[in-house]
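Reading the structure
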Amino acid sequence: MSQLASPITLTARERLLNALLGRPVDRVPVWLMRQAGRYLPEYQAVRKNYDFLQLCKTPSAAAEVSIQPIEIIGSDAVIIFNDIMLPLEAAGADVEFTEKGPRINNPVRSFEALSALRSTPIREDEPIVRTIQTVRERVGPDFPVLGFIGAPWTLATYWVEGAGSRNFERILGLRWSNPEVLDALLEIVTQVALDYLRIQIAAGANAVQIFDTWGSILRDADYERFSARWTRRIIESVRGMGAPVIFYMNGSAPYLPTLDTLGADCVSMDWRVSLSAARAALKTPASLQGNLDPLTLYSNPEAIDAAVADIFRDFPPRPGHVFNLGHGILQHTPVRNAQSLVEAVKRHGAC
Ligand code: CP3
């Protein structure tokens, strides 16, 4: 910000961590949710040699696709290539990825299904640990590496539904017919997610993001019981491990008073609400992330530049802002437009 008397020189790692913690930065850093993915031909080229789960579990290839967005679009952070579904395998889920997304072939909708699960602890040498180490060897100590997990509620949603869903009838039905099953399932997924997060931080993740993609299917009155308290438990458990926590929820606007109590260092906003409005509604987190509509990237560099300038007009560059999309980058995004976005943030984001 202008009150900084002398220009500060920061490594990329310091820039991101400072921004997350609301400390001085020279400019707003930028990365994109789902930045490693199918819109990149270079990703497709690696992906054609593996099925998706295999790619997640092959550290050399997962490290390579993690790094591609740094080289190709100029992103300011690496997010480790993996998926929120992976820790569920240790808890006994039979996970599969199909054309339509993740599937769990042994959905849990009863205590009988829960007691039939065969679980193993998350191991200290899960493939993601080697992926993080390999990324670190390639980007060096001065570049930030992000780890992530799914929020317990979002993981439970997939496990009860067995797949993505339109109306979430099974999990929202279970909430009324047998909520104790949900409590028990949430206990289990919270433990594996927490363990999966811990090994990522121990392996060198500098910050971590928790994705509560399906949090907003809950009534506001239920969000505390079925989502917030489990996420809070995870955040409390990793506090002091040196990795700031970013919390993302799609459709979060009505839930901001509860999100304020999670203890996250940064709240990542979708595109529905302006950052200035989110800032006014939240007291605790040091910083905000977001909130460009991912469909902006289906336009052209001029429109993207204007949209970035708009966000900075509403929420002028400052410590405490990490630029990102409001949800993951979409598959048909032209690579040139993703590059333009990063360039526009670097152009407009000086503090
Ligand atoms: O952000 C990154 O670049 C890191 C990697 C990452 C993936 N998934 C890789 C992936 C991250 C952070 C995720 C998180 C994730 N996975 C979420 C939360 C984020 C969000 O979008 O709300 C969710 C809900 C999932 C579950 C999941 N995995 C779905 C619904 C799908 C299918 C939809 C889709 O986009 O294909 C996946 C598959 C998946 N995960 C892909 C990638 C790159 C596409 C797989 C492919 O190559 O075919």
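Treat the numbers as computed from the prediction; the structure is a model and nothing was measured. Every residue gets a number counted from 1 within its own chain, in the order that chain's sequence is written. The model is predicted, so local features are restricted to residues of pLDDT at least 70 and side-chain atom pairs to those at 80 or more, both for listing and for counting; the totals for chains, interfaces and linings are taken over all residues. In computing side-chain values, all of the structure's heavy atoms are included and hydrogens and water are not.

**A short note on the overall build of the protein chain**
Assigned secondary structure in the protein chain consists of 15 helices and nine strands. Compactness check: the protein chain gives a C-alpha radius of gyration of 19 Å against a globular reference of 20 Å for 351 residues, within 12% of the reference. The principal-axis extents of the C-alpha atoms in the protein chain amount to approximately 65 × 45 × 40 Å. Counting across all 351 residues of the protein chain, residues that qualify as buried make up 58%. Surface exposure of the protein chain reaches about 14200 Å², of which carbon and sulfur atoms provide 50%. None of His or the chain ends enter the tally, which takes Lys and Arg as positive and Asp and Glu as negative. Charge placement uses NZ in Lys and CZ in Arg. For Asp and Glu, CG and CD serve respectively. Mean positive and mean negative side-chain charge positions of the protein chain (35 and 38 charges, respectively) differ by 1 Å. A run of DSSP states H or I qualifies as a helix once it reaches four residues; a run of E qualifies as a strand once it reaches two. Both are numbered from the N-terminal end. With the radius of gyration taken over C-alpha atoms, the globule rule is written as 2.2 Å times the number of residues to the power 0.38. Here's how the labels work: a residue is buried when its accessible area is under 20% of the maximum for its type, exposed when over 50%, partly exposed in between, all with a 1.4 Å probe on protein chains only. Values of accessible area rely on a 1.4 Å probe in the Shrake-Rupley scheme; residue burial ignores everything except the protein chains shown.

**Here's the deal with the site of the ligand**
Lining the immediate environment of the ligand, one finds 22 residues, of which R34, R38, Y43, R47 and T213 sit closest. Here a polar contact means two N or O atoms within 3.5 Å. Within protein one must be a hydrogen donor candidate and the other an acceptor candidate, and residues neighboring in sequence count only if both atoms are side-chain atoms. Here an oxygen atom of the ligand sits 2.7 Å away from a polar atom, N or O, in the main chain of R34. A distance of 2.5 Å separates an oxygen atom of the ligand from a polar atom in the side chain of Y43. If the ligand stood free it would expose 870 Å²; the protein chains cover 88% of that surface. The way it works is a 1 Å grid over only the protein atoms, where trapped points that fit a 1.4 Å probe form a cavity and open points with protein on both sides within 12 Å along at least five of seven lines form a pocket, and then any residue with an atom within 4 Å of a point lines it. More than half of a molecule's atoms lying within 2 Å of a cavity's or pocket's grid points is what places that molecule inside it. When atom positions are compared with the pocket grids, the ligand is found to occupy the largest pocket. The near set for a molecule or strand comprises every residue that places at least one heavy atom within 4 Å of it.

**Re the sheet that holds strand β4 (residues 145–150)**
Each pair of strands is called paired provided DSSP finds at least two bridges between the two strands. Spatially, seven strands are ordered β1-β4-β5-β6-β7-β8-β9 in an open sheet, and the strand pairing comes out parallel. A single partner strand is all that each edge strand has here, and the edge strands are β1 (78–79) and β9 (321–325). Bridge count for strand β6 (residues 245–249) against strand β7 (residues 266–268) is three bridges, and the pairing is parallel. For Y248, the partnering residue across the bridge sits in β7 and is S268. Residue contacts follow a heavy-atom distance rule, with two residues in contact if any of their heavy atoms lie within 4.5 Å. Only the contacting stretch of a helix is used when fitting its axis, a line to C-alpha atoms as for every element, and angles between N-to-C directions run 0 to 180 degrees. The strands touched by helix α10 (residues 179–203) within the sheet are β4 and β5 (207–212), with β4 carrying the most contacts at an inclination of about 175 degrees.

**Quick look at the pattern of salt bridges**
One side-chain nitrogen of Lys or Arg within 4 Å of one carboxyl oxygen of Asp or Glu is enough to make a salt bridge. All told, the structure shown has 18 salt bridges when counted by the stated rule. Residue D222 pairs with R219 through a salt bridge whose shortest N-O separation is 3.0 Å. Relative accessible area serves as the criterion here: at 43%, R219 is assigned to the partly exposed category. Residues joined by salt bridges that share partners form a network here, namely R27, D76 and K346.

**Considerations on the packing of aromatic side chains**
In this scheme Phe, Tyr and Trp rings, the latter by its six-membered ring, pair at centre separations within 6.5 Å, and the angle between planes marks the pair as stacked below 30 degrees, edge-to-face above 60, and tilted otherwise. Applying the stated criterion to the full structure yields ten aromatic pairs. A ring pair is formed by F52 and F81, whose centres lie 5.7 Å apart and whose planes are at 75 degrees; its orientation type is edge-to-face. Taken together, the residues span a long stretch of sequence, with F52 in helix α3 (residues 52–56) and F81 in the loop between β1 and α5 (86–90) at a distance of 29 residues. Judged on exposure class, the residue F52 and its partner F81 are both buried. Through pairs of rings, three or more aromatic residues link up here, namely Y43, F52, F81 and F97.

**Observations concerning the state of the cysteines**
Disulfide: a pair of cysteine sulfur atoms within 2.5 Å of each other. Tallied over the entire structure, the rule returns zero disulfides. This cysteine, C266, is not joined by any disulfide, and C351 carries the nearest cysteine sulfur, 14 Å off. Since its relative accessible area comes to 0%, C266 is described here as buried.

**So, the layout of surface pockets**
Grid points are joined across faces, edges and corners, and a volume is the space filled by probe spheres set on the points. The calculated volume of the largest pocket comes to roughly 1400 Å³. The wall of the largest pocket is formed by 40 residues, among which R34, R38, D83, G101 and P102 lie closest to the centre. Looking at the lining of the largest pocket, the elements with two or more residues in it are α2 (41–47), α3, β2 (95–98) and β3 (101–104). The leading source of residues in the lining of the largest pocket is β2, at three residues.

**Here we look at helix α11 (residues 220–238)**
Under the convention used throughout, the expected extent of a helix is 1.5 Å for every residue step, that is, one less than its residue count. Under the 1.5 Å per step criterion, the end-to-end length of α11 is 26 Å for 19 residues, consistent within 8% with the ideal 27 Å. Of all the bends in α11, the greatest, near 45 degrees, is centred on A228. The set of residues buried in α11 consists of D222, Y223, F226, S227, A228, W230, T231, R232, I234, I235 and V238. Positioned one or two residues after α11, G240 has a phi angle of 90 degrees, which is positive. Bend is the name given here to the angle between axes fitted to two runs of seven residues, the run ending at a residue and the run starting at it.

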